[in-house]
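Here is how the chains run, residue by residue.
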Amino acid sequence: MARVMELRHLRYFAAVAEHLSFTAAANSLGVSQPPLSQQIRDLELEIGVNLFERTSRRVTLTAAGEDFLRSARAILVQAADAVDRARTIGTGTAGILNIGMTSSVLVGPLGSLIRSFEQQYRGVDVRIHEMSPGDQIIALKSHRTDLSFLRSPPDDPDLVREIAWRERLCIALPAGHPRATASSVSVDVFRDERLISLRLESSRFAEEIFRACVAKGFTPDVSQQVREASSLVSLVAAGFGLAIIPEFVGRLHHPGVVVLPFDPPFLSADVYALHHKRKGPVVDNFLTLLRAEATGMARSFQGRSEA
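What counts, and at which threshold
Residues numbered from 1 in each chain as written. Predicted model: local features only at pLDDT ≥ 70, side-chain atom pairs only at ≥ 80, totals over all residues. Heavy atoms only, no water. 1 Å grid on protein atoms, 1.4 Å probe; cavity = no way out; pocket = protein on both sides within 12 Å on 5 of 7 lines; lining within 4 Å. Points joined across faces, edges and corners; volume = space filled by probe spheres on them. Helix = DSSP H or I, 4+ residues; strand = E, 2+ residues; numbered from the N terminus. Nonpolar A, V, L, I, M, F, W, Y, C, P; charged D, E, K, R; others polar. Salt bridge = Lys/Arg side-chain N within 4 Å of Asp/Glu carboxyl O. Buried < 20%, exposed > 50% of the residue type's maximum accessible area, 1.4 Å probe, protein only.

Draft legend 1. Structural context of the layout of surface pockets. In this model, the largest pocket occupies a volume close to 400 Å³. In terms of residues, the lining of the largest pocket owes the most to one element, helix 6 (residues 133-141), which gives 3 residues. Of the residues contributing to the lining of the largest pocket, the split by class is 11 nonpolar, 7 polar and 6 charged.

Draft legend 2. Fine view of the pattern of salt bridges. Scanning the model with the defined rule gives 15 salt bridges in all. Notably, a salt bridge pairs Arg 70 with Asp 67, separated by 3.0 Å at the nearest N-O pair. Note that Arg 70 and Asp 67 are positioned in helix 4 (residues 63-90) at a spacing of 3 residues, about one turn of the helix. Salt-bridge contacts for Arg 151 lead to Glu 167; the nearest nitrogen and oxygen are separated by 3.0 Å. In this pair, Arg 151 is assigned in the loop between strand 5 (147-150) and strand 6 (159-165) and Glu 167 in the loop between strand 6 and strand 7 (169-174), connecting sequence segments 16 residues apart. Looking at Glu 167, the relative accessible area reads 2%, which means it is buried. Each of Lys 141, Asp 156 and Asp 158 takes part in a single network of salt bridges with overlapping partners.

Geometric values such as these leave the question of function open.
And the structure:
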């Protein structure tokens, strides 16, 4: 039966080569000398050449042994690296984390959360994928992403959702608007004002806002539809109408636009984290950090501010 070379053969060989003494090598390895000598003989038989010259006074490496030692040490280093890498990946301290999101989510607490995670887990490569809500679900279910952040996630039996942070809705209006000096605005303002909205066909969040207005007894006059929430503020500044935006989008500076809270409050812009039921340790670590910092991430929007 053919012998099989094992890592222990290489470890034993490297120890003898280092000490040039079977007795000293056995002591360093914590084994007795006879089994060590037998393992070296087995290794030499498998290779078919002598790796050591043995005399009663000393042990020396043969030319083949010196060459084999270089390769054996390289293999042992690679094996140790592989073990370390497997352990770090298994504990979530190394690997790749693909996160799907929209730009409006990134302007909130998520950016600082990712930065904190990268500082704590330097072995993890965090990759951000900016995409529409619908594309986020497709990417998540096809395992092209590991985690997604959405404001109106669908009910999907294959995915788990949990609240990431609370966020309110606000209204953006031109600084010269008659209501710009108010402390708050009712959503009823859209009975007479044009609404700039996210695309209804691709945003469940925009669709929820539209339906909530209808439930209040009026159909909003949608003047423009855009893909990203950050574009809403630009269109408000250009005079296309007013916009309902998430609180953190309202904190982005834009000359000539005022952002006010709704009174009474109108819906919410809460952000949810979506992931698979069987998630890896890297995702677990990110969610643990998210939960730990969630209470301090989203402070309530205080009064009127200029975006």
